[in-house]
Amino acid sequence: LALDVADRGHELVVLSTMAGADPERIEVYLHSDLLTIRGERRRPLAASDSLDYLHAECFWGPFSRTVVLPVEVQPHRARAEYKNGVLIVSIPKRQTDARIPVMIVDE
């Protein structure tokens, strides 16, 4: 499963083309910094059709892909949309670069 991971400033956006995947069988899991996408592409032609492939590149069957996200995220605010064979997962980033005040102590 091919994925693109993009940074939109305040969130990460993960894109994946899944033409032919059954929307009811697509699963998206987000745990800590790991994003997992699972699904299945079923052959559009019945297995009983006697086909003699001359060239075959399309993947049919179950698929799964896990990617480590490059920044801390807020999993509870993530959202996913599947439209026209493209899955778009938007994941807000967690603010991690908070400034820590330094107290000056005279000795």
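Digging into the pattern of salt bridges
What the rule picks out here adds up to six salt bridges. Lys93 serves as the salt-bridge partner of Asp7, at 2.7 Å between the closest nitrogen and oxygen. Placement of the pair is Asp7 in strand S1 (residues 4-7) and Lys93 in the segment after strand S7 (86-92), with a sequence separation of 86 residues. A salt bridge links Arg8 to Glu11; the nearest nitrogen and oxygen atoms lie 2.7 Å apart. Where salt bridges share partners, they join Arg8, Glu11 and Arg79 into one cluster.

Describing the pairing of strand S6 (residues 79-83)
The side chains of a regular strand alternate, first on one face of the sheet and then on the other. Across five bridges, the pairing between S6 and S7 is antiparallel. Across the sheet, Arg79 pairs through a bridge with Ser90, a residue of S7. Once S6 ends, the chain turns through two residues before running back antiparallel as S7, passing Asn84 with a positive phi of about 55°.

Structural notes on the environment of His10
Checked against the element boundaries, His10 lands in the loop between S1 and strand S2 (11-17). With 83 residues separating them along the chain, His10 and Lys93 place their C-alpha atoms 5.8 Å apart. Contacts of His10, omitting those with residues within four sequence positions, involve Pro92 and Lys93.

Structural notes on the environment of Arg8
With respect to the helices, strands and loops of the structure, Arg8 is situated in the loop between S1 and S2. Arg8 sits 21 residues away from Tyr29 along the chain, and the two C-alpha atoms are 21 Å apart. Within the local environment of Arg8, its side chain forms a polar contact with the side chain of Glu11, the two groups lying 2.7 Å apart.

How each quantity is defined
Sequence order as written defines the numbering, with residues in each chain counted from 1. It should be noted that, the model being predicted, local features are given only for residues of pLDDT at least 70 and side-chain atom pairs only at 80 or more, the latter also being counted only at that level, while totals for whole chains, interfaces and linings use all residues. Note that water and hydrogens are dropped before the side-chain values are worked out from all heavy atoms of the structure. The salt bridge criterion pairs a side-chain nitrogen of Lys or Arg with a carboxyl oxygen of Asp or Glu, the two atoms within 4 Å. Secondary structure elements are taken from DSSP: a helix is a run of H or I of four residues or more, a strand is a run of E of two residues or more, and numbering for both begins at the N terminus. Following DSSP output, two strands are said to pair if at least two bridges run between them. Throughout, a contact is declared for two residues whenever any of their heavy atoms are within 4.5 Å. Here a polar contact is taken to be a pair of N or O atoms separated by no more than 3.5 Å, where protein atoms must pair a possible hydrogen donor with a possible acceptor and residues adjacent in sequence count only if both atoms sit in side chains.

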